[in-house]
Amino acid sequence: GKPVPGFGAPSPKLWIVGLAPGAHGANRTGRVFTGDSSGNWLYSALYRHGYASSPTSLDAHDGLKLTDTFISCICRCAPPDNRPTSKEIFKCRPFLQSEWNLLKQPPLILALGQLAFEETLSLLSDFYLLKKSREWRFKHGAVYRIGKTDLLVSYHPSRQNTSTKRLTLQMWDGIFDKTRELLENHSL
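Residues numbered from 1 in each chain as written. Predicted model: local features only at pLDDT ≥ 70, side-chain atom pairs only at ≥ 80, totals over all residues. Heavy atoms only, no water.

Caption draft 1: The sheet that holds strand E3 (residues 69-73), seen in detail. Taken in spatial order, the 6 strands make up an open sheet running E1-E3-E2-E4-E6-E5, and their pairing is mixed. If you trace the sheet from one side to the other, it starts and ends with strand E1 (7-8) and strand E5 (143-146), each paired once. (Pairing = 2+ DSSP bridges. Helix = DSSP H or I, 4+ residues; strand = E, 2+ residues; numbered from the N terminus.)

Caption draft 2: Highlighting the packing of aromatic side chains. According to the stated counting rule, one finds 9 aromatic pairs in the structure shown. Ring geometry for Trp41 and Trp172: centres 6.5 Å apart, planes at 55°, overall tilted. Of this pair, Trp41 sits in helix H2 (residues 37-48) while Trp172 sits in helix H6 (residues 169-186), and the two are 131 residues apart along the sequence. Trp41 gets classed as partly exposed once you look at its relative accessible area, which sits at 21%. Their ring planes at 40° and their centres at 6.1 Å tell us that Phe117 and Tyr144 sit as a pair that is tilted. Highlighted residues: Phe117 in helix H4 (residues 114-127) and Tyr144 in strand E5, separated in sequence by 27 residues. According to the relative accessible area criterion, Tyr144 is buried, its value standing at 13%. (Phe/Tyr/Trp six-rings, centres within 6.5 Å; stacked < 30°, edge-to-face > 60°. Buried < 20%, exposed > 50% of the residue type's maximum accessible area, 1.4 Å probe, protein only.)

Caption draft 3: Representation of the pairing of strand E2 (residues 14-18). For E2, the buried fraction is high: 5 of the 5 residues fall into the buried class. Here E2 shows two buried faces, one formed by Leu14, Ile16 and Gly18 and the other by Trp15 and Val17. Alignment of E2 against strand E4 (residues 108-112), held across 4 bridges, turns out to be parallel. Note that in E4 the partner of Trp15 across the bridge is Ile109.

Caption draft 4: Region of interest: unusual backbone geometry. Even without being a glycine, Gln105 presents a positive backbone phi close to 50°. Tracing the backbone shows Gln105 in the loop between helix H3 (86-102) and E4. Unlike most non-glycine residues, Lys165 shows phi in positive territory, near 70°. Within the secondary structure layout, Lys165 lies in the loop between helix H5 (159-163) and H6. The exposure class of Lys165 is exposed, given its relative accessible area of 58%.

Below, the structure written as structure tokens:
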């Protein structure tokens, strides 16, 4: 697949980091989290919580605007079997670092899934010159303050997680309620 760049507001307060473009979603549409069930979950939640101008995203030219939010993936291309290798993640890391710097280090990162959590955790640890703590573990709803940044953790809204109820709509909305709370507390 072809590389899919991040999308959203140029100076966000919330940076959402996912895994990789979906082979039948973002790889086809040209926009992250667009054209698949994960995107349907994400954009409808962003709309309900005031971060998006529309509850749906059809393609890169549908007019959707994000408010105070930017969305990226740790890998830029759709990986085989929807599971990137450590080599692919390593090769794409400079793109994630560049976005972090271009976005002027947003105060809140929402990591979707364990691999996105581990990669953003590594990015923040390197940026703030901190050793990784054993206390920083993947747990849905967990929040970690790393340097000046809050890292919020969520299950990925994949069909596998939503159809098995590992991630319910109530849990998902709770994550976005938490983003508002964290951003309000961050600006105090």
